[in-house]
Amino acid sequence: MSSARTNGGAGIVHVRTDPRLGDFALRPVDPANDAELLHRWVTHPKSAFWLMQEASLTDVEREFMSIAAAEHHDAFLGLHEGEPRFLAERYDPAHVELKGLYEAEPGDVGMHFLCAPTDTPVHGFTLAVITTVMDMLFADPHTRRVVVEPDVRNTAVHALNEAVGFRIERTVAKPEKDAYLSTCTREQFETARDASQTRAASEATETPGGTKSR
């Protein structure tokens, strides 16, 4: 897996402008400085599928320190208009999460993402986040396919995955969950992204004699 680490580990590694919601960016997680924020996110009841509900602040800092030191795993803090709003992880599925559970192919990259829990959700925000994360992964020319393993019960993320081009391959039994092994090629992502942008442009266009409701 090609690495997108930056010198010093503090710089922006990817930027994407969403046509509706503005600027999104990712930078490597700084375990010491980001741990308190991430602890609030991952222990929130809405983040149950992240599987860190009972984690202490020390647990969270240690987890991201371990990721920062790992050869096959990276964590990124996601920004929306400059403010922390989501978390993303990239991993090599031949070595992390799916090792021994499927036959990895050259160019496979694994992904997790988590939007910050909020009581005031913005329509289309989560789709914009996963699109940004996928855009970052495929910006690396070595990436041929993204592989994910969401909990079979996580119906919300299954719909999002489908929206950006993922296809469920089969169910795999992991120690912590039963998961849908799902894959998305570069071509599948680009097709889904282009279709989404076309729909968004159509919805944003006012029809003669009236306006679109939001």
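Residues numbered from 1 in each chain as written. Predicted model: local features only at pLDDT ≥ 70, side-chain atom pairs only at ≥ 80, totals over all residues. Heavy atoms only, no water.

1. A word on the packing of helix α3 (residues 125-139) against helix α4 (residues 155-163)
- Contact geometry for α3 and α4: axes closest at 10 Å, N-to-C directions at 55 degrees. By the angle class used here, α3 and α4 are oblique. Considering how the two elements wind past one another, α3 and α4 form a crossing that is right-handed. For the pair α3 and α4, the contacting residues are T126, L127 and I130 in the first and L160, N161 and A163 in the second.
- A per-class count over the contact of α3 with α4 returns four nonpolar, two polar and no charged. (Axes fitted to C-alpha atoms, helices over the stretch in contact; angles between N-to-C directions. Helix = DSSP H or I, 4+ residues; strand = E, 2+ residues; numbered from the N terminus. Parallel < 35°, antiparallel > 145°, perpendicular 65-115°, else oblique. Left-handed = near helix turned anticlockwise from the far one by under 90°. Contact = heavy atoms within 4.5 Å. Nonpolar A, V, L, I, M, F, W, Y, C, P; charged D, E, K, R; others polar.)

2. Some thoughts on the packing of aromatic side chains
- Evaluation of the coordinates by the stated rule reveals three aromatic pairs.
- Centroid distance F24 to F125: 5.7 Å. Interplanar angle 40 degrees. Geometry classified as tilted. On the criterion of sequence distance, the pair formed by F24 in strand β2 (residues 22-28) and F125 in helix α3 is long-range, its members being 101 residues apart. Comparing F24 with F125, the two get one shared label, buried.
- By the ring-pair criterion, three or more aromatic residues cluster together here, those being F24, F86 and F125. (Phe/Tyr/Trp six-rings, centres within 6.5 Å; stacked < 30°, edge-to-face > 60°. Buried < 20%, exposed > 50% of the residue type's maximum accessible area, 1.4 Å probe, protein only.)

3. Looking at the sheet that holds strand β4 (residues 83-91)
- Sheet architecture is open: eight strands sit in the order β1-β2-β3-β4-β5-β6-β8-β7, paired in mixed fashion. The open sheet has two free edges, formed respectively by β1 (14-18) and β7 (167-173), since each of these has just one partner strand. Geometrically, the sheet is characterised by an average inter-axis angle of 30 degrees between neighbouring strands, direction not taken into account.
- Pairing of strand β3 (residues 73-80) with β4 involves eight bridges; the strand directions are antiparallel. The residue bridging G78 from the neighbouring strand is F86, located in β4.
- Across the face of the sheet, helix α2 (residues 57-69) comes into contact with β3 and β4 while running at roughly 115 degrees to β3. (Pairing = 2+ DSSP bridges.)

4. Quick look at α4
- All of the buried residues along α4 are V157, H158, L160 and N161. Buried residues of α4 fall within an arc of 165 degrees about the axis and therefore sit on the same side. Seen from the buried face of α4, the exposed residues on the opposite side, beyond 90 degrees, are T155, A156 and E162.
- Each element contacted by the buried residues of α4 is listed here: β5 (108-115), α3, β6 (145-148) and β8 (178-185).
- Trailing α4 by a residue or two, G165 shows a phi angle of about 115 degrees, which is positive. (Arc of directions from axis to C-beta.)

5. Notes on the pattern of salt bridges
- Following the criterion strictly, the structure yields 14 salt bridges and no others.
- Here D74 makes a salt bridge to R90, at a shortest N to O gap of 2.6 Å. One end of the pair, D74, is in strand β3; the other, R90, is in strand β4, with 16 residues separating them in the sequence.
- Owing to a relative accessible area of 5%, R90 belongs among the buried residues under this scheme.
- E105 is the partner of R145 in a salt bridge, and the nearest nitrogen-oxygen pair spans 3.8 Å. With a gap of 40 residues between them, R145 in strand β6 and E105 in the loop between β4 and β5 connect regions that are remote in the sequence.
- The exposure class of E105 is partly exposed, given its relative accessible area of 41%. (Salt bridge = Lys/Arg side-chain N within 4 Å of Asp/Glu carboxyl O.)

This is a description of form; function is not addressed.
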